[in-house]
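Residue-level listing of the chains:
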Amino acid sequence: MRPFLLLACGALALAAVTGASATATAGRASCGAGAGADANGYTYAGHQAAERGHGVRATITALRAPQVTAGHVAAWVGLGGPGQGPNGEDAWIQAGIASVPGVDPFMYAEVMRGGEPNLMIIEEGVAPGRSHSFAVLEMGSRPGFWRVWVDGQAVTEPIRLRGSSGRWSPIATTESWDGGEASCNSFGFRFERVSVSYGGGGSWRPFVSGHRFLDSGYRLRDLAAAPAEAGMYARTVSARSPLPYAFLASSS
């Protein structure tokens with residue numbers, strides 16, 4: 001895993017421009033989450049796939065409005081991480097829903113290619129209870145080039161990540177950062193149709209968890225397990241397609 005370095009400052013700058021607003025009222029004593037934070041104040045509840053892939057997707061729903069007293073909360077799918085790029089550089093690509101104090105939840109994409117992460121705001125004002133599909137997918141015709149898709153539409157140009165093709169295990173997770181304060185953020189997200197692409201361009205199969213991220217004070221609950229026989233799915237999964245893997249991630 002890795003820090004979500006620029007999300008908070010980027011979103012707060014957005015709020016200053018747009019006037020977006022939200023409320024945050026949760027306290028450490030009320031939700032009890034974050035006790036397992038690492039040295040930088042990050043905590044997680046989610047999964048990493050058992051195998052490497054060429055993409056990951058999920059339908060993500062905020063079950064309630066995240067309550068963020070400091071730092072941020074995010075639910076995302078992505079690949080890569082610290083030291084995963086060429087010559088041990090940090091490299092990743094991810095997309096999902098995030099929230100920071102004073103800003104309504106928003107959809108975002110983030111790319112890291114050494115240096116500093118690049119944060120892209122995709123859409124503001126994401127309402128709790130509304131589901132959105134996110135995919136991070138390597139292009140079939142251009143190995144090592146990736147795009148982010150939201151609700152079936154490409155929202156980025158091709159993004160080159162050197163040495164990435166077939167090397168990374170997909171991740172679907174929630175993330176909270178305490179902002180360096182003794183604070184507690186609360187959240188609840190549902191992940192559905194979680195899938196891994198085993199080829200560029202979208203050869204989707206059910207996500208099979210190989211590792212759980214579950215810090216103290218958080219909960220993970222499976223809703224639908226991957227089929228015993230991981231058959232290949234079509235390039236486009238409709239709303240009526242079976243749920244290959246689904247889970248809930250929440251604070252206490």
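Rules of the game
- Residues numbered from 1 in each chain as written.
- Predicted model: local features only at pLDDT ≥ 70, side-chain atom pairs only at ≥ 80, totals over all residues.
- Heavy atoms only, no water.
- Helix = DSSP H or I, 4+ residues; strand = E, 2+ residues; numbered from the N terminus.
- Buried < 20%, exposed > 50% of the residue type's maximum accessible area, 1.4 Å probe, protein only.
- Contact = heavy atoms within 4.5 Å.
- Areas by Shrake-Rupley, 256 points an atom, 1.4 Å probe, with all protein chains shown as cover.
- Polar contact = N/O pair within 3.5 Å; in protein donor to acceptor, adjacent residues only side chain to side chain.
- Pairing = 2+ DSSP bridges.
- Axes fitted to C-alpha atoms, helices over the stretch in contact; angles between N-to-C directions.

1. Digging into the overall build of the protein chain
Then, in step 1: Summing up its helical and strand segments, the protein chain has two helices and 16 strands in all.
Then, in step 2: For the protein chain, buried positions account for 50% of its 252 residues.
Then, in step 3: The long-range fraction of contacts in the protein chain, counting pairs at least 24 apart against all pairs at least 6 apart in sequence, stands at 71%.
Then, in step 4: When the accessible surface of the protein chain is summed, it comes to about 10,600 Å², and 48% of that surface belongs to carbon and sulfur atoms.

2. Side note on the side chain of Thr156
Then, in step 1: Tracing the chain through its elements places Thr156 in the loop between β9 (153–154) and β10 (159–160).
Then, in step 2: Within the structure, Thr156 has its side chain in polar contact with the backbone nitrogen of Val148 (distance 3.0 Å).
Then, in step 3: Setting aside chain neighbours within four positions, we find Thr156 in contact with Met120, Trp146, Arg147 and Val148.

3. Side note on the sheet that holds strand β6 (residues 118–123)
Then, in step 1: The seven strands lie next to each other as β6-β5-β4-β3-β11-β1-β14, forming an open sheet whose pairing is antiparallel. Both outer strands of the open sheet, β6 and β14 (209–214), are each paired with one neighbouring strand and no more. Each strand of the sheet is rotated relative to its neighbour by a mean of 20 degrees, with strand direction disregarded.
Then, in step 2: Pairing analysis gives nine bridges linking strand β4 (residues 91–100) to strand β5 (residues 103–113), with the strands arranged antiparallel. By the bridge assignment for β5, Ile93 is matched with Val111.

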